[in-house]
Amino acid sequence: MSHPSRRGALKLSAGLALLGAGALTGCGRGGATTAAKSSAAPVDDSPATGTLNVWAAQGDADVLDKVVKPFKAANPKLTVEFTLIPNAEYYTKLQSAIAAGKGPDVAQFFPESQAQFLDPSILRAVPDGLVDSRSFFSSLWDAGVVGDVAYTVPWYAYTYALVYRSDLAAKAGVKAPTTWAQMVPFLKALQGAGAGHGLGADIGWDVFNGQDVAMYAWQAGGSLLSGGKWTLDTPGMVDALTYNASFFTSKVADTSGPTFLDAQPYFVSGKTAMMITGPWVVGQLDTAAKKEGWTAAHVATAPLPAGSSGSVSFSAGGTWGVLADGGNPDAAWKFVRYLAKPGTQVAQYKAYSSLPAVVSAWNDPAIKGQPLLDAFLTQLKNTRAFPQVTTWQQVATRLGKETEAVAKGTESAAKAAANVQAYAESLGTGAK
């Protein structure tokens, strides 16, 4: 895939307006955190030494040198070397380096698209006692666990919720939808209040659309993988594809636009009145509107409307892993441990608006009590990790293409689900 992270794709193309408390991302907590086993030796508290090579995608990692100054001061005999790579090229270059035996000591990953790296030949298991797995939002921790072994440690987090024009909703006299059945009527009401289209839908018809429909399938009681077998042609998936298509067939969304990078200009101009997106967008809208305070006067957020099985979203963000072939694992794990501390994650938020993956960090005054975060926090109390199998990105990409056919009326939802199931079965799960 060209962009391992949707957030990274936007940040690299449009930049992030760091507007203090307004520059937002999100995170959440699902069910009980998966227990993970490790045979790695515990990491002690002695100072790290030597040289540590760290690779990361441009974006949230741009401020790492600033954020880790206290770590470097506490480890004066350690040299930390950062290599920042454009988001669109990151995984390709990392995979090539690993294959050539020239990978870094520590690398950043994305929980929504890291499954291909979760293998002992690529990453070291997280040592026992390095961090408390229960301190993180559980779906983010679970995204790095395969076979009861944890390979990554969460760094920052986000998910999707509704971001809508509160001024138009007030004009129409409507409140944010809480169920699928209320969604299209709400969007039509926003159109009646002056919006060109109610929803600025993603029309990339790619892996990200596949992720969206997977999220809807969860809301409809469906699953993606069960017992090691793909379950993509279920009634829940058919309902998900139908629900997504309803935005287009009802004319509250347009199959011709906006494109992903046009979503914000359309939203602030009133061409559209709602986005289903991540919380980083909120901090960029004043810039898109070219007016400070525009967001506070025009925008509200809400959790995703519930399907028959409730309101479920997916977990995403950033994680860290230590390469199996790295030359300085002791320093690598000490670096990762430092980045997982609540205080460090708050510092990362202050520097780049990367919202913490550690639950307790949300109590910091810099983060707590921000109105536009409430919906994301509520939503992320019910998030799931995408399947930790190496072929999920390919399957999600195919699902995104099938979504287009259903949205445009050239294929039934049942046929699309069957096509995705057949494709996924032909690929398998990549399990060894």
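Right, let's walk through the structure included here. Everything numeric in this text was worked out from a predicted model, so none of it was measured.

Comments concerning the pairing of strand β11 (residues 299-302)
Then comes step 1: Of the two faces of β11, the one holding Val299 and Thr301 and the one holding Ala300 and Ala302 are both buried throughout.
Then comes step 2: Looking at chain direction, strand β7 (residues 161-165) and β11 are connected through four bridges and run antiparallel. For Tyr164, the partnering residue across the bridge sits in β11 and is Ala300.

Quick look at the sheet that holds strand β3 (residues 106-109)
Then comes step 1: Spatially, β2-β1-β3-β13-β6 is the arrangement adopted by the five strands of the open sheet, whose pairing is mixed. Both edges of this open sheet fall to β2 (78-85) and β6 (153-158), since each of them pairs with a single strand only. Strand after strand, the sheet turns through a mean of 15° between neighbouring axes, direction not considered.
Then comes step 2: Sheet topology note: the β3/strand β13 (residues 316-322) ladder contains four bridges and is antiparallel. Within the sheet, the bridge partner assigned to Ala107 lies in β13 and is Gly321.
Then comes step 3: Lying over the sheet, helix α13 (residues 329-339) contacts β1 (50-57), β2, β3, β6 and β13, oriented at roughly 155° with respect to β13.

Here we look at the packing of helix α8 (residues 207-219) against helix α16 (residues 392-407)
Then comes step 1: At a closest axis distance of 6 Å, the pairing of α8 and α16 adopts a crossing angle of 85°. With respect to each other, α8 and α16 are oriented roughly perpendicular. The segment α8 lies against α16, with Val207, Asn209, Gly210, Gln211, Val213 and Ala214 engaging Trp392, Gln393, Ala396, Thr397, Leu399, Gly400 and Thr403.
Then comes step 2: The residue inventory of the contact of α8 with α16, partitioned by class, reads six nonpolar, seven polar and no charged.

Cut-off values and rules
Residues numbered from 1 in each chain as written. Predicted model: local features only at pLDDT ≥ 70, side-chain atom pairs only at ≥ 80, totals over all residues. Heavy atoms only, no water. Buried < 20%, exposed > 50% of the residue type's maximum accessible area, 1.4 Å probe, protein only. Helix = DSSP H or I, 4+ residues; strand = E, 2+ residues; numbered from the N terminus. Pairing = 2+ DSSP bridges. Axes fitted to C-alpha atoms, helices over the stretch in contact; angles between N-to-C directions. Contact = heavy atoms within 4.5 Å. Parallel < 35°, antiparallel > 145°, perpendicular 65-115°, else oblique. Nonpolar A, V, L, I, M, F, W, Y, C, P; charged D, E, K, R; others polar.

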